[in-house]
Amino acid sequence: MIFLTALPLFWIMISASRGGHWGAWMPSSISAFEGTCVSIPCRFDFPDELRPAVVHGVWYFNSPYPKNYPPVVFKSRTQVVHESFQGRSRLLGDLGLRNCTLLLSSLSPELGGKYYFRGDLGGYNQYTFSEHSVLDIINTPNIVVPPEVVAGTEVEVSCMVPDNCPELRPELSWLGHEGLGEPSVLGRLREDEGTWVQVSLLHFVPTREANGHRLGCQASFPNTTLQFEGYASLDVKYPPVIVEMNSSVEAIEGSHVSLLCGADSNPPPLLTWMRDGTVLREAVAESLLLELEEVTPAEDGVYACLAENAYGQDNRTVELSVMYAPWKPTVNGTVVAVEGETVSILCSTQSNPDPILTIFKEKQILATVIYESELQLQLPAVSPEDDGEYWCVAENQYGQRATAFNLSVEFAPMLLLESHCAAARDTVQCLCVVKSNPEPSVAFELPSRNVTVNESEREFVYSERSGLVLTSILTLRGQAQAPPRIICTARNLYGAKSLELPFQGAHRLMWAKIGPVGAVVTFAILIAIICYITQTRRKKNVTESPSFSAGDNPPVLFSSDFRISGAPEKYESKEVSTLESH
């Protein structure tokens, strides 16, 4: 707001000091438009005792001392003036009333400068006053904008032009104010030093769009062609608004990613890229680029851009989705179960996008889900058939990964139908085939002989395991007229199962069960046993049978007609002698 006093200070000083000493009062500076006129107000005083009959005066340009021959602007005695001021200067004041006001017309730039007044009372009573007025010749109105213009806050902009020409009065109008507000004219106001101004005000609430707006003021003089324009650009301060940013970004693992954030603000904002509260990059700029080299799944997530200045802040986020193949699936759940229990197995992985998860066994699909990261397999009341190797496979368009896992179903022994005995000549071979988990202990019982042989006695029993199936082979040699009853019993921690092994014909010996190599080896062992027994019997015909000491462990014998021998070649054959029941 402009404050102007109604009564100039120097007139008050004149009144207070009248009748004292030499002195002059005029505005230290005054301005006027080129081509117009200007009235420089001036008052002077001198000692009362001088009482001159006539008072004269001289106005000088740019120097107060006559000896320097400064240009004469006005001279009351001779009216002789410098050529620059011919027809341009005259005195408006009455020197007898101590009023030295000067009028200059048809102003041009070369007339701008300092103006001094010299009082001439006759004789030696002449005095050049040091006080002077500086004239400024202008050609643009003065637009006054507050030092800080903030968007959303009402502002007052003024247009001020000098009005010191009594012959021409300026009229003001605003240019480019449409949409800002309606101007109000204060009119002609007196300034502190006695000069005059015309003032027009414009009140409005600026927006961010008004920043940089060119606002003008025009001063025109009626009945002339004189017209002057001045402009000022609005510097509107406003908080940041993020105007440029990536939308959601998808990138393949290992690729290069650029995230751009741009903001509009005045002054320029401090831009900051952040993720999970960690500053990744910041700078004072209108835009800021965040470069991510060879992105990994760990860089997947939400990135935030914060823009701030002294007037506020704004923030926006962008989601970076890193696309990658599934990780190797992990399996959590039951891997050992007892027959009849419910088994729950969870297979999980990570990928982007979510994968197709499949669990299968022996190429048979057991469960599958689409676009999920977890798959749960439920097996109610598991049976031995559920035992085995399973695969969990995860795949999407970027790759495939698989994990194998084993489900071990524990159950009581089961004696399979392949279990039987076969006799040929003097040999009986019994096959006990057991399916069990964990591995069972197998024993062969001959009830009629009150004899039991288990698999730990490897010189008589050969066992071989394949998967969950255990095959135990017992071989008997002798001269029996009728094969004995043989019972196979399999036992583990979940129970026991017994079966009297049925006899089949001699042509059904189970050499195939132990394979061709095993059969050859076994046959060789049997030949060696036969030779050994023959030699032993010959020796017994010559010498007496030896007696066993208390510490000896004789071989186990089943009867006078049967001997037990083991199948595999890696076990040494032993002599079998006559058995007494034990």
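Here the structure is a predicted model, which means the values were calculated and not measured. (Residues numbered from 1 in each chain as written. Predicted model: local features only at pLDDT ≥ 70, side-chain atom pairs only at ≥ 80, totals over all residues. Heavy atoms only, no water.)

## What about the pattern of salt bridges?
The final tally for this structure, using the stated rule, is 10 salt bridges. Its salt-bridge partner being Asp-163, residue Arg-169 comes within 3.1 Å of it at the nearest N-O pair. Put simply, Lys-237 and Asp-235 hold a salt bridge, and the shortest N to O gap is 3.0 Å. Given the relative accessible area of 17%, Lys-237 is considered buried. Note on Asp-235: relative accessible area 40%, which makes it partly exposed. A single network of salt bridges, built from pairs that share partners, joins Asp-45, Asp-48 and Arg-98. (Salt bridge = Lys/Arg side-chain N within 4 Å of Asp/Glu carboxyl O. Buried < 20%, exposed > 50% of the residue type's maximum accessible area, 1.4 Å probe, protein only.)

## Topic: the pairing of strand 42 (residues 495–500)
Two strands pair when backbone bridges link them, and strand 41 (residues 487–492) and strand 42 are joined in this way by six bridges, in the antiparallel orientation. Directly across from Ala-490, in strand 42, lies its bridge partner Lys-497. Connecting the antiparallel pair strand 41 and strand 42 is a turn made up of two residues. (Pairing = 2+ DSSP bridges. Helix = DSSP H or I, 4+ residues; strand = E, 2+ residues; numbered from the N terminus.)

## A word on the state of the cysteines
Summed over all chains, the structure comprises seven disulfides. The disulfide bridge from Cys-37 ends at Cys-165, spanning 1.7 Å between sulfur atoms. Since a negative S-S torsion denotes a left-handed disulfide, the Cys-37-Cys-165 link at about 95 degrees is right-handed. With Cys-37 in the loop between strand 2 (29–33) and strand 3 (38–40) and Cys-165 in the loop between strand 13 (155–162) and strand 14 (171–175), the pair connects residues that are 128 residues apart, well separated along the chain. Each member of the pair, Cys-37 as well as Cys-165, is classed as buried. Between the sulfur of Cys-347 and that of Cys-392 lies a disulfide, 1.8 Å long from S to S. One disulfide, between Cys-347 and Cys-392, carries an S-S torsion of -85 degrees and so falls in the left-handed class. Highlighted residues: Cys-347 in strand 29 (residues 343–348) and Cys-392 in strand 33 (residues 388–396), separated in sequence by 45 residues. Assessed through its relative accessible area of 0%, Cys-347 is described here as buried. (Disulfide = S-S within 2.5 Å.)

## What to know about the packing of aromatic side chains
Here the structure, examined in full by the defined rule, presents 17 aromatic pairs. Between Phe-221 and Phe-228, the ring centres sit 6.2 Å apart and the planes meet at 85 degrees, which makes this aromatic pair edge-to-face. A residue is classified by how much of its surface remains accessible, and Phe-221, at 4% relative accessible area, is buried. An aromatic cluster is built from Trp-22, Phe-44, Phe-46, Trp-59, Phe-117, Tyr-127 and Phe-129, whose rings are joined through pairwise contacts. The ring of Trp-196 carries the charged tip of Arg-188 above its face, separated from the ring centre by 4.0 Å. (Phe/Tyr/Trp six-rings, centres within 6.5 Å; stacked < 30°, edge-to-face > 60°. Lys NZ or Arg CZ within 6 Å of the ring centre and 35° of its normal.)

## Side note on the pairing of strand 33
Across five bridges, the pairing between strand 30 (residues 356–361) and strand 33 is antiparallel. Bridge assignment links Ile-359 to a residue of strand 33, and that residue is Cys-392. Across nine bridges, strand 33 lies against strand 34 (residues 399–415) in antiparallel orientation. Within strand 34, the residue paired with Cys-392 across the bridge is Thr-403. Between the antiparallel neighbours strand 33 and strand 34 lie two residues.

## What to know about the environment of Leu-50
Looking at the element boundaries, Leu-50 is found in the loop between strand 4 (43–45) and strand 5 (56–61). Relative accessible area serves as the criterion here: at 27%, Leu-50 is assigned to the partly exposed category.

## Overview of the side chain of Ser-220
Examined against the element boundaries, Ser-220 turns out to sit in strand 17 (residues 214–220). Judged by its relative accessible area of 19%, Ser-220 falls in the buried class. Excluding anything up to four places from it in sequence, Ser-220 contacts Arg-169, Pro-170, Glu-171, Leu-226 and Gln-227. (Contact = heavy atoms within 4.5 Å.)

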